[in-house]
Amino acid sequence: MEGLSHAIAPKLAPLPPKAKTNLRCNGFGSVIIRSKKIHPIRVCKRSRVFAEIKSDHRERLDFSDPDWKSKFQSDFEQRFNLPHITDVFQDAKPIPSTFCLRMRTPVSEEFADGYPSDENWQGYINNSDRVLLKVIHYSSPTSAGAECVDPNCTWVEQWVHRAGPRKEIYFKPEEVKAAIVTCGGLCPGLNDVIRHIVITLEIYGVKKIVGIPFGYRGFCDSDLTEMALSRKVVQNIHLSGGSLLGVSRGGPTVSEIVDSMEERGINMLFVLGGNGTHAGANAIHNECRKRRMRVAVVGVPKTIDNDILLMDKTFGFDTAVEEAQRAINSAYIEAHSAYHGIGIVKLMGRSSGYIAMHASLASGQIDICLIPELPFHLHGPHGVLTHLKYLIETKGSAVICVAEGAGQNLIQKTNATDASGNIVLGDIGVHIQQEVKKYFKEIGIPADVKYIDPTYMIRACRANASDGILCTVLGQNAVHGAFAGYSGITVGICNTHYVYVPIPEVISYPRAVDPNSRMWHRCLTSTGQPDFF
């Protein structure tokens, strides 16, 4: 995940405006988050953040007011209203969509004029269609994973806009020059999304499609030229990993990017990236509005860490979990085949432990799962090493899965940052390996420790079937959103349906594993591990 290195908090109900963080793009794909209510914190202080966010909800809402529920819904509707081209250009006139699903060839002369159903069903989405953001009515705030607006867990409907093609569009395809840019690190599925953005643009009738090379820096680096894209160019790019356009961190300022867009005549920009990249996309959208440019900026969330708010999952995550099985199985075989064998696997996950948690659940071979959201001690009567000794004595072997962002408080900090502003993490996997060897040597028990770090192998591979489908639909819906006149939005999957969400609502803070969630409870049941604190 690129560019988001401050203010980490758990997944909760969306914050009201008062509690929302202020976002400032530093021009390099990074986002700096500051807030009067929620100060930059470490993940291990999750309970305090949870309390602050909940208290902010209660400060804003007077639950003794009989109309508090309707006021909350009104405020929610306002926050999730999608920015539209008519907000700036009130005289913008829609035209009939050039995207039509009435393309089926009749199988007999009886239907030579088309199928009867075509007159009533054309596959378009109504602008008023909504998708429920929350689908569980919790009976108590103490229920596992409960997300409640008020102390009584009152059911409050929260809706987001449904994604898909609209009957009317606000761009003439012959006047569109669309650009695609991929930022941050690699992720399985980037080529799949690029491919379907290009294919869908061509179906609308767009002739000018370009790719910006190597992230945001491709807008202003004189050594980099835009790449002409067409269905012929992208037809088979999904068969390999990586990005056809290349990726990078860092880049020019927002003003320089928008200057470049003006010079190139780009009026549709599709941005593939994580939280930091989306913060940059939102800044580009705001700058285009400030200059009264008729431009649509649409994001597609990209992070194998699966840490984007409100989304069921992001593309690349399923593939990452699947690829992690190979490393875990190798660690298990090494540990199981050795006398007092211990296998350690480090997986990606800077601030969110979703890959480690899901990979542990999927494998069934993990004895200890360590994630950034939960602090742990290595030493002491309740530490990881003591439990590891118990596992060696009772099972004869053990396997540990640790997310890269876990246990950073145990490692000496360097205060270094990468080009996106991310703090350079210490290697928790190597640290645990060394501490395990040292511990067992000190207590006189032989231990054969093997360490596996498959980090870049996982993110550089081709998307699996599940992610391939997700990428296909995300790419299509990104184009539908742009032609519908929306800008400053991102597309994702929410409660199994595809939706559009204003970018600020998904970059407030990264989504994290909730230690009170049913999924984490399932992981604990699978591993049998105790608390290590």
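What you are looking at is a predicted structure, and each value in this text was computed from that prediction instead of being measured. (Residues numbered from 1 in each chain as written. Predicted model: local features only at pLDDT ≥ 70, side-chain atom pairs only at ≥ 80, totals over all residues. Heavy atoms only, no water.)

## Some thoughts on the overall build of the protein chain
Item 1. Counting its secondary structure elements, the protein chain contains 14 helices and 17 strands.
Item 2. Here the protein chain holds 533 residues, and 57% of them are scored as buried.
Item 3. Nonlocal contacts in the protein chain, meaning residues at least 24 apart in sequence, comprise 78% of its contacts between residues at least 6 apart.
Item 4. Here the protein chain displays about 22,500 Å² of accessible surface, and carbon together with sulfur accounts for 51% of that area. (Helix = DSSP H or I, 4+ residues; strand = E, 2+ residues; numbered from the N terminus. Buried < 20%, exposed > 50% of the residue type's maximum accessible area, 1.4 Å probe, protein only. Contact = heavy atoms within 4.5 Å. Areas by Shrake-Rupley, 256 points an atom, 1.4 Å probe, with all protein chains shown as cover.)

## Some remarks on the state of the cysteines
Item 1. In total, this model carries one disulfide according to the counting rule given.
Item 2. The disulfide partner of Cys148 is Cys153, and the S-S distance across this bridge is 1.7 Å. The exposure classification of Cys148 matches that of Cys153, with both residues buried.
Item 3. Sulfur of Cys369: no disulfide; nearest cysteine sulfur belongs to Cys523 and is 4.2 Å away.
Item 4. Residue Cys369 is classed as buried on the basis of its relative accessible area of 2%. (Disulfide = S-S within 2.5 Å.)

## Observations concerning the nonpolar core
Item 1. Grouped together as the largest cluster of nonpolar side chains are 75 residues, with contacts concentrated most on Ile180, Leu201, Met268, Phe270, Phe315 and Phe483.
Item 2. Per element, the largest residue contribution to this core is eight residues, and it comes from helix H8 (residues 317-337).
Item 3. Contact partners of Phe483, with chain neighbours within four places excluded, come to Ile169, Tyr170, Phe171, Pro173, Val176, Leu201, Tyr204, Val206 and Met268.
Item 4. With 43 residues, the next largest nonpolar core counts Val149, Tyr216, Val271 and Tyr509 among its residues. (Core = buried A, V, L, I, M, F, W, Y, C linked by side-chain atoms within 4.5 Å.)

## A short note on the packing of aromatic side chains
Item 1. Tallied over the entire structure, the rule returns seven aromatic pairs.
Item 2. Pairing Tyr486 with Tyr500 gives two aromatic rings, centres 6.0 Å apart and planes at 50 degrees, and the pair type is tilted. Residue Tyr486 is located in the loop between helix H13 (465-483) and strand E16 (489-494), and its partner Tyr500 is located in strand E17 (residues 497-502); the two are separated by 14 residues in the primary sequence.
Item 3. One aromatic cluster in this structure is built from Phe72, Phe76 and Phe80.
Item 4. Here the guanidinium or amino end of Arg292 rests over the ring plane of Phe89, the centre of that ring lying 5.1 Å away.
Item 5. Lying across the ring of Tyr354, Arg511 places its NZ or CZ 4.5 Å from the centre. (Phe/Tyr/Trp six-rings, centres within 6.5 Å; stacked < 30°, edge-to-face > 60°. Lys NZ or Arg CZ within 6 Å of the ring centre and 35° of its normal.)

## Some details on the UniProt feature "binding site: ATP" (unreviewed entry) in the protein chain
Item 1. If you check UniProt for "binding site: ATP" (unreviewed entry), the listed places come out as Gly185, Arg249, Gly250, Gly274, Asn275, Gly276 and Thr277 in our numbering. These residues run over 93 residues, yet every pair of their C-alpha atoms falls within 13.6 Å of each other.
Item 2. By the element assignment, Arg249 lies in the loop between helix H5 (231-234) and helix H6 (254-264).
Item 3. Since its relative accessible area comes to 23%, Arg249 is described here as partly exposed.
Item 4. When you line up the elements, Gly276 lands in helix H7 (residues 275-290).
Item 5. Relative accessible area serves as the criterion here: at 0%, Gly276 is assigned to the buried category. (UniProt positions renumbered as here; feature names shortened; annotations may be inferred.)

## Section: the sheet that holds strand E15 (residues 448-452)
Item 1. If you trace the four strands from one edge of the open sheet to the other, you get E13-E14-E12-E15, paired in parallel fashion. Either end of the sheet is taken by a strand with one partner, and the two such strands are strand E13 (368-370) and E15. Ignoring which end each strand starts from, the neighbouring axes of this sheet average 15 degrees apart.
Item 2. For strand E12 (residues 341-347) and strand E14 (residues 397-403), the ladder comprises seven bridges, and the chain directions are parallel. (Pairing = 2+ DSSP bridges. Axes fitted to C-alpha atoms, helices over the stretch in contact; angles between N-to-C directions.)

## Some remarks on the environment of Arg264
Item 1. With respect to the secondary-structure elements, Arg264 resides in helix H6.
Item 2. For the pair Arg264 and Glu226, spaced 38 residues apart in sequence, the C-alpha to C-alpha distance is 9.7 Å.
Item 3. The contact partners of Arg264, leaving out residues within four places of it in the chain, are Lys177, Ile212, Gly218, Phe219 and Glu226.

## What to know about the pattern of salt bridges
Item 1. In the structure shown here, the tally under the stated rule is 18 salt bridges.
Item 2. For Lys346, the salt bridge goes to Asp427, with nearest N and O atoms at 3.3 Å. Of the two residues, Lys346 is situated in strand E12 and Asp427 in the loop between E14 and helix H11 (428-442); the sequence distance between them amounts to 81 residues.
Item 3. Taking the relative accessible area as the measure of exposure, Asp427 reaches 32% and is therefore partly exposed. (Salt bridge = Lys/Arg side-chain N within 4 Å of Asp/Glu carboxyl O.)

## A few points about helix H2 (residues 68-79)
Item 1. Relative to the 16 Å expected for 12 residues at 1.5 Å per residue, H2 spans 16 Å between its end C-alpha atoms, a close match to the ideal helical length.
Item 2. Among the residues of H2, those classed as buried are Trp68, Phe72, Asp75, Phe76 and Arg79. The buried residues of H2 occupy an angular sector of 100 degrees when projected down its axis, which confines them to one face. (Expected span 1.5 Å × (residues − 1). Arc of directions from axis to C-beta.)

## Observations concerning the sheet that holds strand E8 (residues 208-212)
Remark on secondary structure: sheet strands pair via backbone hydrogen bonds, oriented parallel or antiparallel.
Item 1. Across the sheet, nine strands lie side by side as E4-E5-E17-E16-E11-E10-E7-E8-E9; this open sheet has mixed pairing. Either end of the sheet is taken by a strand with one partner, and the two such strands are strand E4 (130-132) and strand E9 (227-228).
Item 2. Sheet strands in contact with H13 are strand E10 (268-273), strand E11 (296-301), E16 and E17, and its direction is about 45 degrees off that of E17.

## Section: the pairing of E10
Item 1. In terms of burial, E10 is a largely internal element, six of the six residues being buried.
Item 2. In E10, alternate side chains face the same way, and those of Met268, Phe270 and Leu272 on one face and Leu269, Val271 and Gly273 on the other are all buried.
Item 3. Pairing of strand E7 (residues 177-182) with E10, which is carried by five bridges, proceeds in the parallel orientation. Directly across from Thr182, in E10, lies its bridge partner Leu272.
Item 4. Where E10 lies against E11, six bridges are found, and the strand directions are parallel. Bridging across to E11, Phe270 finds its partner in Val298.
Item 5. Once the chain exits E10 it traverses H7 before rejoining the sheet at E11, and the crossover so formed is right-handed. (Right-handed = clockwise from strand over helix to strand, strands pointing away.)

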